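One letter stands for each residue in the lines below.
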Amino acid sequence: MKISNNWLKDFISTELNTDKISEYLTDIGLEVEGVEKFENIKGSLEGIVVGKVLTCEKHPNADKLNITTVDVGAENILQIVCGAPNVAAGQTVPVALVGTKLYDKSGNSFEIKKAKIRGEVSEGMICAEDELGLSDDHGGIMILDNDYKTGELFKKYFEITQDEVYEIGLTPNRTDAMSHYGVARDLNAFLSSNQLKSDFKKLEVEEPEISGSHNFQIEVENSELVPRYLGAVIENIKISESPNWLKDRLKAIGLNPINNVVDITNYVLHGLGQPLHAFDAAKIKGNKIIVGSSPKGTKFKTLDGVERTLNGAEIMIKDGKQNPMCIAGVFGGENSGVSAETTKIVLESAYFNPVAIRKAAKFHGLNTDASFRFERGIDGKSARKALLVAIKMIEEIAHGKLVGEILEFYPEKIENNYLLFRYSKLDQILGMKIHRAKVKEILKYLDIEILNEINDGLELSVPPYRADVTREIDVIEEILRIFGYNRIDIPEKFSFSPVTLSLDDQDALENSWARTLQSQGFNEVMNNSLRSVKDETDAVKLLNPLSSDLAFMRKSLLEGLLENAAYNINRKNADLKFFELGKIYHKKEKYEERKQLAFLVTGRNHSENWMLPKSATNFYYLKSYVILLLDKLKLKFEELPLEDSRFSEALEFKFNGKTLAKLGKVSPELLKDADVDQEVFYAEIELENCEQLRIKDNFKFIDIPKFNKIRRDLALLLDKQITYAELYASAKKNPSKFLKNVNLFDVYEGQNLPEGKKSYALSFELLNEEKTLEEKDISEVMNVLIKSFKSEFNAELR
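Residues numbered from 1 in each chain as written. Predicted model: local features only at pLDDT ≥ 70, side-chain atom pairs only at ≥ 80, totals over all residues. Heavy atoms only, no water.

A. Layout of the overall build of the protein chain. In terms of regular secondary structure, the protein chain is built from 19 helices and 41 strands. The C-alpha radius of gyration computed for the protein chain amounts to 41 Å, which surpasses the reference 28 Å derived for 798 residues by more than 25%, pointing to a less compact arrangement than a globule. At a minimum sequence separation of 6, the contacts of the protein chain that also span at least 24 residues come to 69%. On the protein chain, roughly 42,800 Å² of surface is accessible, and the fraction owed to carbon and sulfur atoms is 48%. For the protein chain, the distance from the average site of its 106 positive side-chain charges to the average site of its 125 negative ones is 4 Å. (Helix = DSSP H or I, 4+ residues; strand = E, 2+ residues; numbered from the N terminus. Rg over C-alpha atoms; globule rule 2.2 N^0.38 Å. Contact = heavy atoms within 4.5 Å. Areas by Shrake-Rupley, 256 points an atom, 1.4 Å probe, with all protein chains shown as cover. Lys, Arg positive; Asp, Glu negative; His and termini not counted. Charge placed at Lys NZ, Arg CZ, Asp CG, Glu CD.)

This is the structure we're talking about:
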């Protein structure tokens, strides 16, 4: 949201510069993301002076150029080469001196330099209107009248507006700050509470004098959708351009001025936060405005010229013949708005149900300044004040005249929100005490009325423009926001209660798998669980989708991963390994929700390298990763062929009839839909089944031994068919608790050994965890080992 510094100062007077204002706005939750400079004339005509053309002669080396001499009030007469067809001696013209920066329509600057043009020196530039940013006219140089004095600064004759515009990252809850008035009000609360100079001008508007009468009526069909609606009839309007100050206000925040009436409604919207809409009174049939709904399927053409089909749920502004004129709070109609011929209007100010406005805006794919405010919730109590401000401006700027009473539908007064606030809760949340008088002062500056003081707290009345303050904790947040987060002391000690984690960590398996895939070069992605689907069978559809592209919960993770692949492939990154942890959704007899780990590979299986041949990923490459993960379950799963329309070739891994994983080569049809023109392999693992079925290890930690291990080696002469595994198994049968480890460290077959024999060298580690082993204990273990090797394998000691 853009906030003009000049406009802000219409409501609050302060000596602070923009840097300090930015800092304080950010401190109170209105984060200033940047500040831009605005000039109503780009460059502010700096370096432009009034000049007098003394002579004008044809350029000797160019048919379309002239050589002029120009008096700019300086000691030297300037020679300037000019290509304009209308330049002539005796003219008064604007001249850009050497060093001046001029700006094109895109805002790009170029500097005027002393140069030679076709061999002749040029010491400046005689300017056209478009080169100065005064208009789009480039028919020739700008010729001035005799009121302009030679040598004077050209900007002296113009109202130059310079402004600084804050870009505020407004959070959705801050409906109170959706205008310059709201930002000024919040800034004033902070400044005043912190004893910084601030003079805030509260909005006070007098009721206008009523003269004449009109025969217009309003009718509201549903007060829940339209709690308040006002209409003012204004006649004798002269549609024209807005004054420069108004145009500059709108341009500063990125709006294009249209005409005086429309500009006034935009001024009130951005200035006070109240959207208004002006209807051409001559186009309202039956002199009646009906606020209600139109039948589903009704065609309605909006201001942008697009014909839209209504869904029947929109709040519509209709005339007395039930013809729709406007989608309330969203967008006006093509045939009811203000035009150059308009002389009489009905000016609307209303408070519409935020949910209804949001649904209508989303359904029609519209996001307007009005819908942005209505769908978040505006201050319904101020709708009349805003209307009166607009009426007064139209009377002053467009020469209009209010006739008759202001029409108003307001069956139930919008009340303030009643809340109980406890000091003890404030102290608990902040971890410190704020003086009670300071708390009351902050509440006063926030327009939160103290109804009554009670034991340990206050009874409060919160104005409706603070739609986000509905609970005690919200009041505490408001107090802290204005008091200052930076003023909260950091405690020297932190107290907390340790949380005992369950040994059966539900996320342990998926975290382990994610780390494994990351170590294998996979990148994790996160896709939106809302999407469109081609086959709506068993799909879960949203009742109120944001758009048709986000109307269903995803049935598979595959489509999202294919979109990720297509995005990367189109940007010359074709060797991909992605995985995603997410949920999929189906509607069968009841709603089903399952969590999966999905991964996709495509392209080459390793990056380009001169040492390795080029090798594309394939089905077995993907399968190796699936097995790598499933092996962690310690299950003996079965491998089965799979028929799945998503794959041209597929396998399924099962255990006890439950699916653990599916994998396959993605079908050409899906690849074509995703705009992917290379082979893709995809796997999905059912996390919930794997979690239930896996064999879990229960780790037990033991102390590091205090005593050293003892090592003994044996060299055994054995028959060649004897394996180390047999020897190891025999050794592990040793009843001694001192034998900790067995290792094969050498194998020899060759010369100096009898035929059919080989030599194994084994090491044995022994440890008594309570004391140092004695030689007799060691000998006892080794003798048992030697005896078993001799008896079982006919081994001989070498």
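More follows now that the structure is in view.
B. Representation of the side chain of Lys577 in the model. Looking at the secondary structure, you find Lys577 in strand β32 (residues 576–587). One buried charged residue, Lys577, remains without a salt bridge, the closest side chain of opposite sign being Asp575 at 11 Å. Within the structure, the side chain of Lys577 is placed 3.2 Å from the side chain of Tyr621, a separation counted as a polar contact. Beyond its immediate sequence surroundings of up to four residues, Lys577 is in contact with Gln520, Gly521, Phe522, Asn523, Leu600, Val601, Tyr621 and Tyr625. (Buried < 20%, exposed > 50% of the residue type's maximum accessible area, 1.4 Å probe, protein only. Salt bridge = Lys/Arg side-chain N within 4 Å of Asp/Glu carboxyl O. Polar contact = N/O pair within 3.5 Å; in protein donor to acceptor, adjacent residues only side chain to side chain.)

C. A look at the pairing of strand β24 (residues 345–351). Burial of β24 is extensive: seven of the seven residues sit out of reach of the surface. Taking every second residue as pointing to the same face, both faces of β24 are buried, with Ile345, Leu347, Ser349 and Tyr351 on one and Val346, Glu348 and Ala350 on the other. The sheet contact formed by strand β16 (residues 228–235) and β24 spans seven bridges and is antiparallel. Residue pairing for β24: Tyr229 is matched across the bridge by Ala350. The pairing of strand β17 (residues 276–280) with β24 spans five bridges and is antiparallel. Its bridge partner being in β24, Ala278 is matched across the sheet by Leu347. (Pairing = 2+ DSSP bridges.)

D. Fine view of helix α18 (residues 724–732). Every buried residue of α18 is accounted for by Leu727, Ser730 and Ala731. Down the axis of α18, the buried side of the element spans an arc of 100°, and every buried residue falls inside it. For α18, the elements touching its buried residues are β38 (710–719), β39 (739–748), β40 (757–766) and α19 (775–793). (Arc of directions from axis to C-beta.)

E. Here's a closer look at a nonpolar patch on the surface. Together, Tyr418, Leu420, Leu451 and Ile454 make up a nonpolar patch on the protein surface, roughly 360 Å² of accessible area in all. Put simply, the parts of the chain that give the nonpolar patch at least two residues each are β26 (417–422) and β27 (449–454). One can find Leu420 in strand β26. (Patch = residues over 30% accessible without salt bridge, like charges linked within 9 Å, V, L, I, M, F, W, Y side chains within 5 Å.)

F. Spatial organisation of the environment of Lys672. Here Lys672 shows up in helix α16 (residues 668–673). According to the relative accessible area criterion, Lys672 is exposed, its value standing at 70%. Taking the C-alpha atoms as reference points, Lys672 and Ser106, separated by 566 residues in sequence, lie 40 Å from one another.

G. View of the side chain of Thr298. Within the element layout of this structure, Thr298 appears in the loop between β18 (288–292) and β19 (299–301). The contacts of Thr298, once residues within four sequence positions are left out, are Arg308, Thr309, Leu310 and Pro324.

H. How the structure looks around unusual backbone geometry. Unlike most non-glycine residues, Asn287 shows phi in positive territory, near 50°. With respect to the secondary-structure elements, Asn287 resides in the loop between β17 and β18. Accessibility expressed as a relative area gives 24% for Asn287, which makes it partly exposed. Not every positive phi belongs to a glycine, and Asn794 is a case in point at roughly 55°. Note that Asn794 resides in the loop between α19 and β41 (796–797).

I. Just the pairing of β16, in detail. Counted residue by residue, β16 has seven buried out of eight residues, so it is predominantly covered. In the sheet, β16 pairs with strand β25 (residues 401–409) via six bridges, with the strands oriented antiparallel. Each bridged residue has a counterpart across the sheet, and for Gly231 the counterpart in β25 is Leu407.

J. Layout of helix α5 (residues 244–252). Here α5 has its buried residues at Leu246, Lys247, Asp248, Arg249, Leu250 and Ala252. Buried residues along α5 sit in contact with β1 (2–4), α1 (5–8), β3 (32–39), β13 (162–168), α6 (260–272) and α9 (383–397).

K. Fine view of the nonpolar core. Core analysis: the largest hydrophobic core is formed by 81 residues, its most contacted members being Leu25, Val183, Ile345, Leu347, Ile391, Phe421 and Ile479. Considering each element in turn, this core owes the most residues, 10 residues, to α9. Beyond its immediate sequence surroundings of up to four residues, Ile391 is in contact with Ala232, Ile234, Leu347, Leu402 and Ile406. Val220, Leu269, Ile327 and Leu366 belong to the second-largest nonpolar core, a separate cluster that totals 36 residues. (Core = buried A, V, L, I, M, F, W, Y, C linked by side-chain atoms within 4.5 Å.)

L. Representation of the sheet that holds β16 within the structure. Taken in spatial order, the four strands of this open sheet run β17-β24-β16-β25, and their pairing is antiparallel. A single partner strand is all that each edge strand has here, and the edge strands are β17 and β25. Averaged over all pairs of adjacent strands, the angle between strand axes in this sheet comes to 20°, irrespective of strand direction. (Axes fitted to C-alpha atoms, helices over the stretch in contact; angles between N-to-C directions.)

M. Representation of the packing of α5 against α6 in the model. Orientation of α5 relative to α6, taken along the N-to-C sense of each, is 50°, at an axis distance of 10 Å. Taken together, the axis directions place α5 and α6 in an arrangement best described as oblique. Crossing handedness for the pair α5 and α6: left-handed. Together, Trp245, Leu246, Arg249 and Leu250 of α5 and Asp263, Ile264, Asn266 and Tyr267 of α6 make up the contact between the two elements. (Parallel < 35°, antiparallel > 145°, perpendicular 65-115°, else oblique. Left-handed = near helix turned anticlockwise from the far one by under 90°.)

N. Spotlight on the packing of helix α10 (residues 423–430) against helix α11 (residues 436–445). At a minimum axis distance of 12 Å, the contact between α10 and α11 shows a crossing angle of 95°. Put simply, α10 runs roughly perpendicular to α11. Across the interface between the two elements, Tyr423, Leu426 and Asp427 from α10 touch Arg436, Val439 and Lys440 from α11. Considered class by class, the residues forming the contact of α10 with α11 number three nonpolar, no polar and three charged. (Nonpolar A, V, L, I, M, F, W, Y, C, P; charged D, E, K, R; others polar.)

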